[in-house]
Every structure is written in C-alpha cells, then in structure tokens.
Amino acid sequence: MEVKHNNAIKPFIKLKLVGITLIIIILLTLVLGFLFEYTSYKNVKSNYPPDGEMIDVGSREIHINIKGNKTSLPPVLIETGTGNWSYDWSNIQEELSKHTLVITYDRAGYGWSDPPTSGFDIDMTINDLNNILESSNIDTPVILVGHSVGGIYSRLFADKYPDKISGMVLVDSRNEYFLEQAKTYNERFFETQDQKMNQFLSQIGIVRLFGENIYPDAMPEYLSPEKYVNVHWDPPFFKVLDEEIKQIKVSEKLLEDTQSLGDKPLSIITPSEVELQAKELGFSEQEARNLENNWMDSQKKLTDLSTNSEFILVNNSSHSVMYDQPNIIINAILKMAEEI
C-alpha cells in the first residue's frame, strides 16, 4: 500500500518558509536601520551645522559656543546637567551675552561633540572643561554655572583649578549630602536610568525616525524637536549617557574631599517643589515627603561651601529651571558678576 506524506509535510514546509521569511525581513530591516543611522550620523554636521565651533582636545573634537563681547563683567561658563547640552541653555546664553562673554559646550558624546575614545571618565570631563578655557582664550577667572550633575563637575573643576573660578552658581545640583541621606532611593532611582534600550533603538535608526513623536510636549518652544532629535539623540549620546549615569554616585563621593570656596560668591538655586518621583519608585507618601525634605536640606547645606553664599528658592519650576524660570538664573548670574 502506498503511503502519502505530502499532505502531512506541507503545513510544516509552509510554517518553515514563513519563519524564514520573517527572519529575513527582520534582518533586512535591522541592516537598513543601521545603514540609515550610520549615514545620518555621518552627515549631521553638514545637515545641522554646529551653533559654535569645534576645538581639538587631542584625539577628538569638542563643540563650544561663545557669545557676547568682553566687558568689565567676568565671563560665564555653563556646565549642563545629565542629558542636557549647550542648546538647552541657548535662551539664557543669548540674554547673558548682552552683558558679557558666555560659553556653553557639549560634553564628550553630547550634541556635536565627538564621543570619548575610552568611555566616559570624570577626569576627562574636568580636563575638557579646562581645555575649553585655554583653547578659546577666555580670560579667567570665570563664573561657573552648574546644573544638576553639572554642579558636581563644576565643584570638582573649582577644586582642581581654584584660580580659574571667580564665583559659582549651582542650579538644583546633585551633591554628596543627599547621596548619604537617601541611599535606598538612589539605588532604586539609578536602576531606572539604564539607557541600553535607547542605545539599541538609536543604532537601528528608530530614534532618528520617530524621535519627534516622543519629544516631550513640555519642552520650551525655543528648542527645535528636529534639531534636538537629529543632533543630540544618537547612539554615542545614549552610550556615554549610560556610562555617565553609572558613575554619578562615584562622582558625588569625590565631592567629600573638595575644599571650601572660601569667600568666593556662591548662589544655590533650587525649586521650591522637589521633583524626585519617589512614590513612583515604590516609596510611601511619608517616605516621599522625607526624601523631599532631605533633598531640600542638602541644597541648603551647599551654602556652607562658601562664606559668601546665597540661597534662592524658585517657585513654579521643575528640576529644569533653565526652561521654567530662566530669568531667576540670569538675574542671579548678573548680580554675582556685578559684585565681583
């Protein structure tokens, strides 16, 4: 008797062909995505020319933007927070440049700046900041403005190069005091900040293609979503951002050994409403309030870094004071500049 296998085999053959076809489609999509991202990244500086200029810091280039003219007031150098770049501070830079020289820049891997050759490194960041001042022939000392994690780098820079700093403005700055007061919170918070998925999605062109659709509605109107997505949100940025975030606790620990600013003017600017999202991380309402109080206490503690300090509480602002209340920052800087 003849046994017929054809009818039994055909469904499996079809299933196998469908599976192979899907795999090929996925692989082709990934390859095309990689090629799209590679080509787009390669042409970023021609499609979106840098706002300022590129300076050589050895094996790579850093983007700096200098605006304004030399006046009797000291120059101002702005160190941005985690994930922010020079473009985020363009509104404040524009206004301050009417009074003095103002320098913004993109950390390695951010914006137009080349990524670090061996990954993010705190010493490299401090050295880049020094190279910027030396390469741009800016007269020192300068007023150094540090937002969020930029406050860490500002303080470490001031500790290493005290003669190059005439005053400091810290805007809702991360610090060593909150690190010790809220260890459990910090552990949970940093667990949520992994950037591996964002890095992968950017590598296959997804972020560049669809980034404008996820661009936050709350961002200020002076920022272009197209420019932000195409220049800033690329694979090198998400890679270095991930590395930088993982080193924040180490960087904060280094602050414990920094010296006092003496009588150099210091302004601490912080929102009156603390933005920690503690309840979203699983903390109770009471625990969240305690953490918010700890953060505020740590901000007030920063005034001890100088005998000539000022504490400025900002209403109606998120952590991004440069977006929500830029005039508060501008007025604090100008006040300090006129008193130096």
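Whatever comes next refers back to the structure up there.
Quick summary incoming for the structure in this document. Remember, predicted model here, so these are calculated numbers, not experimental data.

**Considerations on the pattern of salt bridges**
- By the definition in use, this model includes 21 salt bridges.
- Across the salt bridge formed by K246 and D194, the nearest N and O atoms sit 3.4 Å from each other. Of the two residues, K246 sits in helix α11 (residues 235-246) while D194 sits in the loop between α7 (183-191) and α8 (196-203), which places them 52 residues apart along the sequence.
- Note on K246: relative accessible area 49%, which makes it partly exposed.
- The class of D194 is partly exposed, set by a relative accessible area of 41%.

**Remarks on the packing of helix α4 (residues 122-135) against helix α5 (residues 149-160)**
- Contact pair α4 / α5: the axes reach a minimum separation of 10 Å and the direction vectors enclose 70 degrees. Taken as axis vectors, α4 and α5 run roughly perpendicular relative to one another. Judged by the sense of rotation from one axis to the other, the crossing of α4 with α5 is right-handed. Contacts between α4 and α5 pair I122, T125, I126, N127, L129, N130 and L133 from the former with Y153, L156, F157 and K160 from the latter.
- Tallied by class, residues from the contact of α4 with α5 come to seven nonpolar, three polar and one charged.

**Here's the deal with the layout of surface pockets**
- The calculated volume of the largest pocket comes to roughly 1,300 Å³.
- Of the residues forming the lining of the largest pocket, the biggest block, five residues, is contributed by helix α9 (residues 206-214).
- Across the lining of the largest pocket, the residue classes tally to 25 nonpolar, 15 polar and six charged.

**Details of the side chain of R155**
- Secondary-structure assignment places R155 in helix α5.
- A relative accessible area of 5% places R155 in the buried class.

**As for the packing of aromatic side chains**
- Throughout the structure, instances matching the rule amount to 15 aromatic pairs.
- Judged by centre distance (5.0 Å) and plane angle (80 degrees), the ring pair of F178 and W295 falls under edge-to-face. Of this pair, F178 sits in helix α6 (residues 176-181) while W295 is found in helix α13 (residues 285-301), placing the two residues 117 residues apart along the sequence. Each of the two residues, F178 as well as W295, counts as buried.
- It is R107 that lies over the ring of Y110; its NZ or CZ is 4.9 Å from the centre.
- It is R188 that lies over the ring of F283; its NZ or CZ is 4.2 Å from the centre.

**A look at empty space enclosed by the protein**
- Using the criterion set out here, one finds one cavity of 30 Å³ or more in the structure.
- Counted as a void, the largest cavity has a volume near 50 Å³.
- Counted by class, the lining of the largest cavity contains three nonpolar, two polar and one charged residues.

About the cut-offs
What you see as residue numbers is a count from 1 along each chain, following the sequence as written. For this predicted model, a pLDDT threshold of at least 70 governs which residues receive local features, and a threshold of 80 or more governs which side-chain atom pairs are given and counted, while totals over whole chains, interfaces and linings are taken from all residues. Water and hydrogen atoms play no part in the side-chain values, which are based on all heavy atoms of the structure. Whenever a carboxyl oxygen of Asp or Glu lies within 4 Å of a side-chain nitrogen of Lys or Arg, that contact is scored as a salt bridge. Numbering goes from the N terminus for both helices and strands, where a helix is a DSSP run of H or I of at least four residues and a strand is a run of E of at least two. In this scheme, a residue with accessible area under 20% of its type's maximum is buried, one over 50% is exposed, and one in between is partly exposed, where area comes from a 1.4 Å probe on protein chains only. Convention adopted: a line fitted to C-alpha atoms gives each axis, helices being fitted over their contacting stretch, and angles between N-to-C directions are expressed from 0 to 180 degrees. Convention used here: angles under 35 degrees read as roughly parallel, angles over 145 as roughly antiparallel, angles from 65 to 115 as roughly perpendicular, and any remaining angle as oblique. Handedness of each helix crossing follows the sense of rotation of the near helix against the far helix: counterclockwise by less than a right angle gives left-handed, clockwise gives right-handed. Contacts between residues were defined by any pair of non-hydrogen atoms, one from each residue, lying within 4.5 Å. Side-chain classes follow a simple rule in which Ala, Val, Leu, Ile, Met, Phe, Trp, Tyr, Cys and Pro form the nonpolar group, Asp, Glu, Lys and Arg form the charged group, and the remainder, Gly included, forms the polar group. A cavity, in this analysis, means grid points on a 1 Å lattice covering only the protein atoms where a 1.4 Å probe fits yet has no way out; a pocket is instead an open set bounded by protein on both sides within 12 Å along at least five of seven lines, and a residue lines either one if it has an atom within 4 Å of a point. Grid points are joined across faces, edges and corners, and a volume is the space filled by probe spheres set on the points. A pair of Phe, Tyr and Trp rings is counted when the ring centres sit within 6.5 Å of each other, with Trp represented by its six-membered ring. The angle between the planes then sorts it: under 30 degrees is stacked, over 60 is edge-to-face, the rest tilted. In this scheme, the term charge over a ring applies when either NZ of a lysine or CZ of an arginine sits within 6 Å of the ring centre and within 35 degrees of the ring normal.

Geometric descriptors of this kind do not, in isolation, establish any biological role.
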